[in-house]
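In case you want the letters, here they are:
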Amino acid sequence: MSWLATFLYGLTMGVIFTHGSPYISGGLALLTVLLAMNGLARTELWLTSRGPQWWKEHPFLQTLHHVSSEGEMAGIVVGLSVLLAHLIVSHGVLHVHLPISEACTLFGIMSVANSSAPHMLPILEWLSKRTGVVGVIFFGSLLSSITGEPAAAVFLSRFVDEAVSEDERARVATGLAATIGSGGGLLPFAAPPVLIVWGTLQAKLAWSFGTLFLFVGLGCVLHVAVVAWKVRKFLPVNPSSVSEKEYTMTRKTAFAVQSIVTIVALNIWAPHSTLVMTFNVVVGLLCLGEAFYAKKGFVETWQPLILAFLLMALEIIGHEADPLLAALASQIPETWNLLVIGLVLWYASAFTSHFADNALASRVYMAAAVSIGAASLHAHAGSFLAACVLLGALFGGFALIPANLPNFAISRILQVSPGEWLRTASKEYYYSLYVHVGFITCMYLLLFR
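If you're wondering where the values come from, they're calculated on a predicted model, not measured in any experiment.

Peer 1: I keep staring at helix α15 (residues 338-355) and nothing clicks. Help me out?
Peer 2: Three or four residues apart is the spacing at which side chains of an α-helix point the same way, because the helix has 3.6 residues per turn. Its 18 residues give α15 an end-to-end C-alpha distance of 27 Å, which sits within 8% of 26 Å, the value for a rise of 1.5 Å per residue. Turning to α15, its buried residues are Leu-338, Leu-339, Ile-341, Gly-342, Leu-345, Trp-346, Ser-349, Ala-350, Thr-352, Ser-353 and His-354. Among the residues of α15, the N-terminal cap falls to Asn-337, whose side-chain oxygen and the backbone nitrogen of Leu-339 are separated by 2.7 Å.

Peer 1: Quick question: what am I supposed to make of a nonpolar patch on the surface here?
Peer 2: A surface patch of nonpolar side chains, amounting to about 290 Å² of accessible area, comprises Leu-4, Phe-7 and Leu-11. Mapping Leu-4 onto the fold places it in helix α1 (residues 3-17). Look at Leu-4 and you get partly exposed, because its relative accessible area is 49%.

Peer 1: What exactly am I supposed to notice about unusual backbone geometry here?
Peer 2: What is expected of a backbone is that most residues other than glycine have negative phi and most peptide bonds are trans. One non-glycine residue with positive phi stands out, namely His-19, at about 55 degrees. With respect to the secondary-structure elements, His-19 resides in the loop between α1 and α2 (22-37). We classify His-19 as exposed; its relative accessible area is 60%. Even without glycine at this site, Ala-206 takes up a positive phi of about 55 degrees. The residue Ala-206 is located in the loop between α10 (192-205) and α11 (209-231) in this model. Ala-206 sits in the exposed class, given a relative accessible area of 61%.

Cut-off values and rules
Residues numbered from 1 in each chain as written. Predicted model: local features only at pLDDT ≥ 70, side-chain atom pairs only at ≥ 80, totals over all residues. Heavy atoms only, no water. Helix = DSSP H or I, 4+ residues; strand = E, 2+ residues; numbered from the N terminus. Expected span 1.5 Å × (residues − 1). Buried < 20%, exposed > 50% of the residue type's maximum accessible area, 1.4 Å probe, protein only. Polar contact = N/O pair within 3.5 Å; in protein donor to acceptor, adjacent residues only side chain to side chain. Patch = residues over 30% accessible without salt bridge, like charges linked within 9 Å, V, L, I, M, F, W, Y side chains within 5 Å. Areas by Shrake-Rupley, 256 points an atom, 1.4 Å probe, with all protein chains shown as cover. Salt bridge = Lys/Arg side-chain N within 4 Å of Asp/Glu carboxyl O.

Shown next as structure tokens:
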């Protein structure tokens, strides 16, 4: 339905097939995917209301009629189209590295977390009785670093659904989006903005899990704490006290936690090995079969696989845009103060994340951070700028519903419309902004003063 996105899509394909400028094709590909993934751009892939009657009634194809959001699938279509066009033009020679290992990791962990999400509610009830609403939001959001952000969005939203009033739903929804978006930044597997560049960070900046925690994780913990403290005003002191359901610890809860911890531990132990990649795929397919057997909804069934393909699609689009972004990054004067450069990259990443999935923002600006850092005389300049890009992507993912994958689940469960979300998030924007700017400034003073 987005005529502009369709027009830009055609232009992108035309430039690639005519061997046009990579700067133009990269810019067009970015604009196309930004519009295609933005729910406010009214993009449809003819999978829902536009489909013919036989499509809706077909025993298998009717599944596609229940797609609740096509933003991620639109991103996949754009990415795969760019890849196919280049393969045709180059006669089958592949010039882009596909993050297959990272996609398998995401597929496996997200599948297990999705299947385990209903059994995590007793843990939130236990937290609620002992720490109150602040502890539920704080620890539940940080738990997304293990369970994955989409799964955390499901069980946190379900837990507070009965406790939040109609007038405060939008505030709670955007608050959870902000805390979960940052809560997944402690480990590289939970947040797509981190996962999509994790290989680059390890190869070019020698990042480890400790580096990620010091440069990004600490800021995420601070952000989650501040927003959780603010959101407490819109919920009961103990959300479980107003719930009609009582969730108790069972063997299924223990098995769910053990399953998540096991698959995360395996991916930490041997993240790129063929054995672990195969294990991730097998587990993901088993969870997919279990979802079919249980007749779960489209999102619960297909979300992990869609996200895995989206990760690869965004890598393709990011590779297409690399020449343009490198040229733009070269315009940033190296004589600028490193803190100013860091804040510019942070806001550029955040602003892009507002209108498209924040994994794309992380991917496209990380190249600029690494190149500018390599040209700097400071030993930690690259890591500092890379952290700014990641923090920007994690922060910017709460402003609009399409900005981060967990937002779709939060808005659906808490019944918040895109307009309500936008109006509420814009009012709360400054609260999160100050936290990130303060953390980046403190990090700069500790590293370079």
